[in-house]
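Structural characterization, general
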Amino acid sequence: MEQVNRVRVLFHSLLLTCGSGRLFFCASATHVLVFLLAAVLSSCRGIMLVETGPKIVAFVGETILLPCITTINSEVPTVEWTKEGLFPNTAFLYRDGCETFEMKNPVFQYRTNLIVHKLHDGNLSMVISNVQLNDSGNYQCAIRRNRKKKIITRLELFVGAVSEPKLSVVPGVGGGLTLQCEARCWFPEPTITFLDSHGNEISAEDPKRDGNSPGCLAVTRRVTLHTATNRVTCRVQQPEINQIRDSEIYIPDEYLRSCTVNVVISIAVTILLVTITCALVYFIVKRCCSSDGVFQILHTQNKMELCPH
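What you see is a predicted model; the values in this text were computed from it and never measured. (Residues numbered from 1 in each chain as written. Predicted model: local features only at pLDDT ≥ 70, side-chain atom pairs only at ≥ 80, totals over all residues. Heavy atoms only, no water.)

Considering the packing of aromatic side chains
To describe a pair of aromatic rings, you give the distance between the ring centres and the angle between the ring planes. Inspection of every chain in the model, using the stated rule, returns 1 aromatic pair. Ring geometry for phenylalanine 108 versus tyrosine 139: centroids 6.3 Å apart, planes at 70°, classification edge-to-face. Here phenylalanine 108, found in the loop between strand S6 (98-99) and strand S7 (112-114), pairs with tyrosine 139, found in strand S9 (residues 137-145); they are 31 residues apart in sequence, far enough to count as distant. Each member of the pair, phenylalanine 108 as well as tyrosine 139, carries the same accessibility label: buried. (Phe/Tyr/Trp six-rings, centres within 6.5 Å; stacked < 30°, edge-to-face > 60°. Helix = DSSP H or I, 4+ residues; strand = E, 2+ residues; numbered from the N terminus. Buried < 20%, exposed > 50% of the residue type's maximum accessible area, 1.4 Å probe, protein only.)

Some words on the nonpolar core
In terms of nonpolar packing, the biggest core is built from 29 residues, with Leu66, Trp81, Met126, Tyr139 and Leu157 touching the most fellow members. Among the elements that line this core, the one with the most residues is strand S10 (residues 148-160), at 4 residues. Leucine 66 has contacts with Ile56, Trp81, Ser125, Met126, Ile128, Tyr139, Leu155 and Leu157, leaving out every residue within four places of it along the chain. Counting residues in hydrophobic clusters, the runner-up holds 17 residues, among them Phe194, Ile202, Cys234 and Val236. (Core = buried A, V, L, I, M, F, W, Y, C linked by side-chain atoms within 4.5 Å. Contact = heavy atoms within 4.5 Å.)

Focus on the layout of surface pockets
Counted as a void, the second largest pocket has a volume near 250 Å³. Around the second largest pocket, the lining comprises 15 residues; the ones closest to its centre are Glu75, Val76, Pro77, Thr78 and Asp96. When residues of the lining of the second largest pocket are traced back to their parent elements, those giving at least two are strand S5 (90-95) and S9. For the lining of the second largest pocket, the residue count by class is 5 nonpolar, 4 polar and 6 charged. (1 Å grid on protein atoms, 1.4 Å probe; cavity = no way out; pocket = protein on both sides within 12 Å on 5 of 7 lines; lining within 4 Å. Points joined across faces, edges and corners; volume = space filled by probe spheres on them. Nonpolar A, V, L, I, M, F, W, Y, C, P; charged D, E, K, R; others polar.)

Brief notes about the confidence of the model for the chain
When pLDDT is averaged along the chain, the result is 79; 70% of the residues meet or exceed 70. Ranking the elements of the chain by mean pLDDT puts helix H2 (residues 23-43) last with 41 and strand S8 (residues 126-128) first with 98. Note on residues 19-48: pLDDT under 50 across the span, and 20 contacts to partners over four residues away in sequence or across chains. This stretch, residues 303-307, has a pLDDT under 50; its non-local contacts, to residues over four places away or in other chains, come to 0 contacts. (pLDDT = per-residue confidence, 0-100.)

Quick look at the state of the cysteines
Two cysteines whose sulfur atoms are joined by a covalent bond form what is called a disulfide. Under the defined criterion, the tally for this structure stands at 3 disulfides. With a sulfur-sulfur separation of 2.1 Å, cysteine 68 is cross-linked through a disulfide to cysteine 141. Judged by the torsion about the S-S bond (-75°), the cysteine 68/cysteine 141 disulfide is left-handed. Of this pair, cysteine 68 sits in the loop between strand S3 (64-66) and strand S4 (78-83) while cysteine 141 sits in strand S9, and the two are 73 residues apart along the sequence. The residues cysteine 68 and cysteine 141 share a single accessibility class, namely buried. Here cysteine 181 connects covalently by a disulfide to cysteine 234, the sulfurs 1.7 Å from one another. Judged by the torsion about the S-S bond (-65°), the cysteine 181/cysteine 234 disulfide is left-handed. In this pair, cysteine 181 sits in strand S12 (residues 177-186) while cysteine 234 sits in strand S17 (residues 231-238), placing the two residues 53 residues apart along the sequence. When its relative accessible area of 0% is taken as the criterion, cysteine 181 is described as buried. (Disulfide = S-S within 2.5 Å.)

Next up, the structure:
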């Protein structure tokens, strides 16, 4: 603080000098002031450049490495790995030559470790096994020596979930062959598209989402084939984590022909039923109209017979 105050006084004197018109002295004093300011900042505690690592993408169930590299001149210092927003926030604590468990958050129990044989080389990277969705977040690697803390690196971990899609035939659905594609556990939410044997997209129903899966999303989508194709591909993709999964189903020509025949028969039967219904309605209406006419004629004749001559 005393050094900062001295720089403040020098800066104030410099402003007064520059205001008096002494340009040469002003320029020289400016260089001196910049040098002093740099020296003060380099000696201040807590002011340092912290390396920010790249965003790391992992998937549920994997084992991943969070890198942290520094220079160690003597014995290995205390190594602290922490996660932002967690309480307690300790993911791993290495002190006095071994792991300290007292401050470790239970969610990382038996899942985090350091590469012990590489600590003397300055490799303080942390290994996380069986990665979970809630492991996503910002992590910090720091060391402590003589009660002084130095942050080595900060990085972000993003955990996604993927699974192999399941493509199946839906029985008991008329009007063509209906297929269903299931993406059972994905995060973030994926998109599902159907492709024919030529790679063209097939129009399908809107997808249905199920958020009851633990920590991930289940999405299903159906398509009904109205045109012949020997192969249908279900493509599940999530561009944010750069993941694509395909599932294919082959359709025999005999099945396609039988489906086509069934569709034609269904259409023909529907047209026949509609025609018969219309004919019956027309016959009944015409008969009712004829009955009303006969009744009116008979009623007129009866009235004429009752009239006196």
